[in-house]
Amino acid sequence: MVGVVGLGAMGGAMLRRLREAGQDAIGFDLDPARCDGAATLAGAAAPVVLLSLSHAGAVAAALDGLSPALPVAAVVVDTSTLAPGEA
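For clarity, every value in this text was computed on a predicted model and none was experimentally measured.

Quick notes on the rules
Residues numbered from 1 in each chain as written. Predicted model: local features only at pLDDT ≥ 70, side-chain atom pairs only at ≥ 80, totals over all residues. Heavy atoms only, no water. Helix = DSSP H or I, 4+ residues; strand = E, 2+ residues; numbered from the N terminus. Rg over C-alpha atoms; globule rule 2.2 N^0.38 Å. Buried < 20%, exposed > 50% of the residue type's maximum accessible area, 1.4 Å probe, protein only. Areas by Shrake-Rupley, 256 points an atom, 1.4 Å probe, with all protein chains shown as cover. Lys, Arg positive; Asp, Glu negative; His and termini not counted. Charge placed at Lys NZ, Arg CZ, Asp CG, Glu CD. Pairing = 2+ DSSP bridges. Right-handed = clockwise from strand over helix to strand, strands pointing away. Axes fitted to C-alpha atoms, helices over the stretch in contact; angles between N-to-C directions. Contact = heavy atoms within 4.5 Å. Arc of directions from axis to C-beta. Core = buried A, V, L, I, M, F, W, Y, C linked by side-chain atoms within 4.5 Å.

Participant: Hey, could you go over the overall build of the protein for me, with residue numbers and the actual values?
Facilitator: Secondary structure assignment for the protein yields two helices and four strands. Its helices and strands taken in sequence order, the protein reads β-α-β-β-α-β from the N to the C terminus. Relative to the compact-globule value of 12 Å for 87 residues, the protein shows a C-alpha radius of gyration of 12 Å, a close match. Across its three principal axes, the protein shows a C-alpha extent of roughly 35 × 30 × 25 Å. Scored against the burial criterion, the 87 residues of the protein give a buried share of 34%. Carbon together with sulfur atoms contributes 60% to the accessible area of the protein, which is approximately 4800 Å² in total. Between the mean site of the 4 positive side-chain charges and the mean site of the 8 negative ones, the protein shows a separation of 10 Å.

Okay, here's the thing in structure tokens:
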């Protein structure tokens, strides 16, 4: 299972590609129209989570929401476009 948080142009494309490749993937976005199965941010917690967010504050908020639900040894990959110091 792979979770993708942030289903804009880049995150939405990543989710589609993962599914096309046969991966079991779930997505979450603050826009309910983009959300496709995870009723809450914690619902997107998976052994592997990809973040594709617009700014450092959004990344921090997502990590705060995901952290309690992430499985032990989960991998979080942040693909957000951030300044090096923010990343």
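Participant: Describe the environment of Ala61, naming the residues involved and giving the relevant values.
Facilitator: When you line up the elements, Ala61 lands in helix α2 (residues 56-66). Classification of Ala61 by relative accessible area gives partly exposed; the value is 45%. Sequence separation between Ala61 and Met14 is 47 residues, and the spatial gap between their C-alpha atoms is 21 Å.

Participant: Can you lay out the pairing of strand β4 (residues 75-78) for me, pointing to particular residues and giving the numbers?
Facilitator: In this structure, strand β3 (residues 48-51) lies alongside β4, joined through four bridges in parallel fashion. Its bridge partner lying in β4, Val49 is registered against Val76. The parallel pair β3 and β4, bridged by α2, forms a crossover whose chirality is right-handed.

Participant: An account of the sheet that holds β3 is requested, with residue identities and associated values reported.
Facilitator: If you walk across this open sheet you meet the four strands as β2-β1-β3-β4, and the pairing is parallel. Pairing within the sheet leaves two strands with one partner each, and these edge strands are β2 (25-28) and β4. Ignoring which end each strand starts from, the neighbouring axes of this sheet average 20° apart. In the packing of helix α1 (residues 9-20) onto the sheet, contacts are made with β1 (2-5), β2 and β3, and the angle to β2 comes to roughly 165°. This element, α2, spans β1, β3 and β4 of the sheet and lies at about 160° to β3.

Participant: Break down α2 for me, citing the residues and quoting the values.
Facilitator: Of the positions making up α2, those classed as buried are Val59, Ala62 and Leu66. Looking down the long axis of α2, one finds its buried residues gathered within 65° of arc, a one-sided arrangement.

Participant: Describe the nonpolar core, listing the residues and the values that go with them.
Facilitator: Core analysis: the largest hydrophobic core is formed by twelve residues, namely Val5, Phe28, Leu41, Ala44, Ala45, Val49, Leu51, Leu53, Val59, Ala62, Leu66 and Leu82. Every element with two or more residues in this core is listed here: β3 and α2. If one sorts the elements of this core by residue count, α2 sits on top with three residues. With residues up to four places along the chain from it excluded, the contact list for Val59 reads Leu51, Leu53, Asp78, Ser80 and Leu82.

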